[in-house]
Amino acid sequence: MILVKDDKRYPKDMKNGRILWALRNRGGLAKGCMAGGVAFLVCGVLIALLMAVAGLAAGGLLLLLVCAIPALPLILGGLICQKYKMSRYLKYYQKLTGFDMEELKQIEEELGASDMVLYGNVPEMSGTGASEKHPMVACMITRHYFVMPMAMDKSYIRRLSDMLLATYSRRIPGING
């Protein structure tokens with residue numbers, strides 16, 4: 001399916017114009033650490049409450065402390081690492097693609113333009129989080145670039161001209177082949 005910016009199914013985090021930032025912010029180890037820390041803390045609180053109701057308040061408090069000691073560093077470490085990762089997202093894309101900062105800013109502008117085409121899909125297998133109301137972003141095509149979000153907050157970014165050259169040449173640009 002082709003999604004336009006006016007479509008209510010268009011991803012909300014991509015409407016602010018910082019699409020490369022939004023693609024980089026979608027997952028990773030830092031967010032996993034934060035989620036694990038929160039889950040550990042919530043489990044500790046719930047079990048401590050159950051122990052307090054059962055008349056074992058001192059044991060519940062000790063269990064809460066035992067759960068909070070590893071949970072808080074996970075949450076804080078995840079927050080710090082995520083903030084650091086997002087402050088360097090353009091440098092990440094520069095290393096990933098080999099493009100300079102000006103070209104990355106041009107990609108960002110083209111991704112925010114009204115003529116950008118966003119293709120989405122709803123996979124048949126369940127468990128992906130995609131639905132008809134919230135389709136997965138399959139790829140984005142601008143005037144000069146092709147961007148495909150991939151797993152583990154990576155993205156495949158190529159110039160359309162390079163892709164056409166690869167079609168009509170014996171060597172594939174970028175892989176020395």
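Structural data are supplied above this passage.
Right, let's walk through the structure included here. Throughout this document, residue positions are counted from 1 along each chain, in the order its sequence is written. Since the coordinates come from a predicted model, pLDDT governs what is reported: local features require at least 70, and pairs of side-chain atoms require 80 or more to be given and counted, while whole-chain, interface and lining totals use all residues. Derived side-chain values reflect all non-hydrogen atoms in the structure, with water molecules and hydrogen atoms excluded from consideration.

### Considerations on the environment of Met150
Logical step 1: Numbering of helices and strands starts at the N terminus; helices are DSSP runs of H or I of at least 4 residues and strands are runs of E of at least 2. One can find Met150 in the loop between strand S4 (145-149) and strand S5 (155-159).
Logical step 2: Since its relative accessible area comes to 45%, Met150 is described here as partly exposed.
Logical step 3: Taking the C-alpha atoms as reference points, Met150 and Ala138, separated by twelve residues in sequence, lie 8.5 Å from one another.
Logical step 4: Residues contacting Met150, with those up to four places away along its chain left out, are Ser155 and Tyr156. Remark: exposure states derive from per-residue accessible area (1.4 Å probe, protein chains only) relative to the maximum for the residue type, with buried under 20%, exposed over 50%, and partly exposed in between. Any two residues having at least one pair of non-hydrogen atoms within 4.5 Å are treated as being in contact.

### Describing the nonpolar core
Logical step 1: What we call a nonpolar core is a set of buried Ala, Val, Leu, Ile, Met, Phe, Trp, Tyr and Cys residues that are connected through their side-chain atoms within 4.5 Å. Of all hydrophobic cores here, the largest spans 19 residues; its most connected members are Leu20, Tyr93, Ile107, Leu111, Met140, Val147 and Ile157.
Logical step 2: Of all the secondary structure elements, the ones that give two or more residues to this core are helix H1 (19-24), helix H4 (89-97), helix H5 (101-112), strand S3 (136-141) and S4.
Logical step 3: Per-element tally for this core: the top contributor is H4, with four residues.
Logical step 4: If sequence neighbours within four positions are ignored, Leu20 has contacts with Tyr89, Tyr93, Leu104, Ile107, Glu108, Leu111 and Ile157.

### Some words on helix H2 (residues 29-53)
Logical step 1: Working rule for helices: expected span equals 1.5 Å times residues minus one. Here H2 spans 36 Å end to end across 25 residues, near enough to the 36 Å set by a 1.5 Å rise per residue.
Logical step 2: When we look at burial in H2, the residues that qualify are Ala30, Met34, Gly37, Gly44 and Ala48.
Logical step 3: Residues of H2 that are buried in the fold lie against helix H3 (57-87).
Logical step 4: Count one or two residues on from H2 and you reach Gly55, which has phi positive near 90°.

### Structural notes on the environment of Gly32
Logical step 1: Here Gly32 is to be found in helix H2.
Logical step 2: The class of Gly32 is partly exposed, set by a relative accessible area of 42%.

### With respect to the packing of aromatic side chains
The geometry of two aromatic rings is summed up by the distance between their centres and the angle between their planes.
Logical step 1: For Phe, Tyr and Trp, rings pair up if their centres lie within 6.5 Å, where Trp contributes its six-membered ring, and each pair is then called stacked (planes under 30 degrees apart), edge-to-face (over 60) or tilted (otherwise). Across all of its chains, the model carries three aromatic pairs by this definition.
Logical step 2: With a centroid separation of 5.3 Å and 70° between ring planes, the pair formed by Tyr92 and Tyr93 is classed as edge-to-face. Side by side, Tyr92 and Tyr93 carry an identical accessibility label, which is buried.
Logical step 3: Over the ring of Tyr92 we find Arg24, and its NZ or CZ is 3.5 Å from the ring centre. In this scheme, Lys NZ or Arg CZ marks a charge over a ring once it lies within 6 Å of the ring centre and within 35 degrees of the ring normal.

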